[in-house]
Amino acid sequence: MSHNAFYTKNLSVYYGEKQAVRKVSMEFPNREVVALIGPSGCGKSTFLRSLNRMNDLIPAARIEGEVWIGGDNICDPNTDVVRLRQRIGMVWQRANPFHKSIYENVAFGARYHGTRNRKELAALVEQCLRKTALWDEVKDRLHQSALALSGGQQQRLCIARSLAVRPSILLMDEPASALDPVSTAKIEELIAELKKDYSIVIVTHNMQQAARISDKTAFFFLGDLIEYDDTQKMFTNPTRKSTDDYISGRFG
Amino acid sequence: MRAKTIDRIATGVIVAVAVLIMAVLASLIGYLLFRGLPHISWHFLTSFPQAIKAGGGIGPQLFNSIFLLVLTMIITIPLGLGAGIYMSEYAKRGPITNFIRLVVEVLSSFPSIVVGLFGLLVIVNTFNLGYSLLSGALALTVFNLPMMVRLTEQSLRSVPQEQKEAGLALGMSRWKTITSVMLPVALPSIVTGTVLAAGRVFGEAAALLFTAGMSSPRLDFTDWNPLHPTSPLNPMRPAETLAVHIWKINSEGLAPDAGEIAAGASAVLVITILLFNLGARWFGRVLYRKLTASK
Ligand SMILES: Nc1ncnc2c1ncn2[C@@H]1O[C@H](COP(=O)(O)OP(=O)(O)OP(=O)(O)O)[C@@H](O)[C@H]1O
Ligand SMILES: [Mg+2]
């Protein structure tokens, strides 16, 4: 494995006695989109949240195994989670902009991580909003509340917000599942664009979406990683029967 | 059809109860204002009380009430915010935390006369602070603090979990997330609650009888050095507040116009507390807008 590799090794997550993720080992190639699919409750979100130690917030959650990012095992209790999370952006199913202005939503994290110069900050905000194709829609009301934006705009703002702290990895948990088709298409375009700079892991329930945007797809079932391969192969000629059943919608 | 009838009856009952409560409240406030307002004048609000002559005012008492409130809030707000943040964000869930929470709840429903006697025994006598504004402020803190803690804790808990996750996922420390992401969202309700609690402090008498005392020295309103014994700002002097004053002239007032003075003072008290409440709402809203850039 190269020094910069991003992979998990025998990663298990428990909620109390219950095991939600079972010994998952998978590697995430640099600057590619990996889609996580599987039926509801199979542990996709749990797995995703253990990649930036977000499960720390749940008192009952316990992690075993390793997650390697840039040469560090982040499951090590000595990991500086604050620095770790700066390197990993996260986007949720429900857009959750801060109760602040549009500008502040993007500038806030960057300022906290050291971009103090006003001009630099303004340039960064513009750059992030342009990347998420939001700039033209909001440039005249940067200092109004972010809560007044539409759901799709809020979601793109949340993506812009995570880009502003300059991560190298983006984790997305069903980022478009609460959005209309037009906003969804915008998010998908955005992901294709962001792939040039970031490694992206995305959970989705939408098979067409997974097929469209991802380079590799992982199928989870009941906490196990059943199959992980190139999206092309997963969708045309999967090795495991259950993968085929799930993808083609023949799943109970 | 049946459901509709039941719905109608229930609505009727609820409206009737609401009207009844409103009527009781309105007549109470109306009565107080009707009796008290004619007596309120600039002179009444600013002059010294008279022991046996008519025409005394409530100046020092009004000042004492406000100053005591400020002192109490200076002690309560930082402690209450800190403890509330701790209880909601840092305390591990478990029997000990639950026990602390229970104690806090019990403390906030303590009869104020008991708090007053506790203040007399512990603050005034044991710690030897004497009858003083500081003793009064500490006694008021005893039952104001629990409210403040609970208020902060509940306000923070009602901030959506996603807000907290968003802050942490950006690589912010827990403290930064609490103070810059969660507190601004929780602040309006904290402010409103704080001012409501302040209203309760402002009207409190029982807890102050044996702590802040029932008399004031002859205050010299030209001397603002807090170290001088007759300075209004001296926190170590005894101080009779407005509520205590009302109680005192009602029970043992010798002035011929004691009744009017009590009525006037009561009206002042009620008006001040009403202003507090209105001010609290307004301030909470303004603050929220300012912090969150919303309209
Ligand atoms: N906070 C929690 N406490 C206890 N159990 C949990 C918790 N969160 C999730 N679980 C359990 O862990 C399992 C995996 O949940 P997870 O949310 O990871 O599934 P998912 O694949 O993301 O599902 P969905 O597609 O519905 O989002 C489920 O059985 C769920 O009940
Ligand atoms: Mg999920």
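Cut-offs applied
Residues numbered from 1 in each chain as written. Chains lettered and ligands numbered in written order. Predicted model: local features only at pLDDT ≥ 70, side-chain atom pairs only at ≥ 80, totals over all residues. Heavy atoms only, no water. Helix = DSSP H or I, 4+ residues; strand = E, 2+ residues; numbered from the N terminus. Buried < 20%, exposed > 50% of the residue type's maximum accessible area, 1.4 Å probe, protein only. Contact = heavy atoms within 4.5 Å. Areas by Shrake-Rupley, 256 points an atom, 1.4 Å probe, with all protein chains shown as cover. Lys, Arg positive; Asp, Glu negative; His and termini not counted. Charge placed at Lys NZ, Arg CZ, Asp CG, Glu CD. Phe/Tyr/Trp six-rings, centres within 6.5 Å; stacked < 30°, edge-to-face > 60°. Lys NZ or Arg CZ within 6 Å of the ring centre and 35° of its normal. Axes fitted to C-alpha atoms, helices over the stretch in contact; angles between N-to-C directions. Parallel < 35°, antiparallel > 145°, perpendicular 65-115°, else oblique. Pairing = 2+ DSSP bridges.

Caption draft 1: Layout of the overall build of chain A. Scanning chain A from N- to C-terminus turns up ten helices and ten strands. If one aligns the C-alpha atoms of chain A with their principal axes, the spans along those axes are about 55 × 45 × 35 Å. Here chain A holds 252 residues, and 53% of them are scored as buried. Intrachain contacts of chain A at a sequence separation of at least 6 include 65% that bridge at least 24 residues. Only carbon and sulfur atoms are counted for the fraction: they give 47% of the accessible area of chain A, which is about 11,400 Å². Each charge class in chain A was averaged separately, 34 positive and 29 negative side chains, and the resulting centres sit 4 Å apart.

Caption draft 2: Quick look at the packing of aromatic side chains. Residues and elements named next belong to chain A. One pass over the structure, following the stated rule, counts eight aromatic pairs over all chains. By way of ring pairs, the aromatic residues Phe6, Phe28, Phe47 and Phe220 are connected into one cluster. One residue, Arg161, lies across the ring of Phe98, its end atom 4.5 Å from the ring centre.

Caption draft 3: View of the packing of helix H8 (residues 174-203) of chain B against helix H11 (residues 258-292) of chain B. Residues and elements named next belong to chain B. Between H8 and H11, the shortest axis-to-axis distance is 8 Å and the interhelical angle comes to 170°. Comparing their axes, H11 and H8 come out roughly antiparallel. Each of Pro184, Val185, Leu187, Pro188, Val191, Thr192, Val195, Leu196, Ala198, Gly199, Phe202 and Gly203 in H8 lies in contact with H11, whose residues at this interface are Leu269, Thr272, Ile273, Phe276, Asn277, Ala280, Phe283, Gly284, Leu287, Tyr288 and Leu291.

Caption draft 4: A look at the sheet that holds strand S7 (residues 169-173) of chain A. Residues and elements named next belong to chain A. The strand order S6-S7-S8-S3-S9-S10 describes an open sheet built from six strands, whose pairing is mixed. Of all strands in the sheet, those bounded by a partner on one side alone are strand S6 (88-91) and strand S10 (224-230). Sheet twist, expressed as the mean angle between neighbouring strand axes with direction ignored, is 15°. Relative to S10, strand S9 (residues 216-221) is paired through six bridges, and the arrangement is antiparallel.

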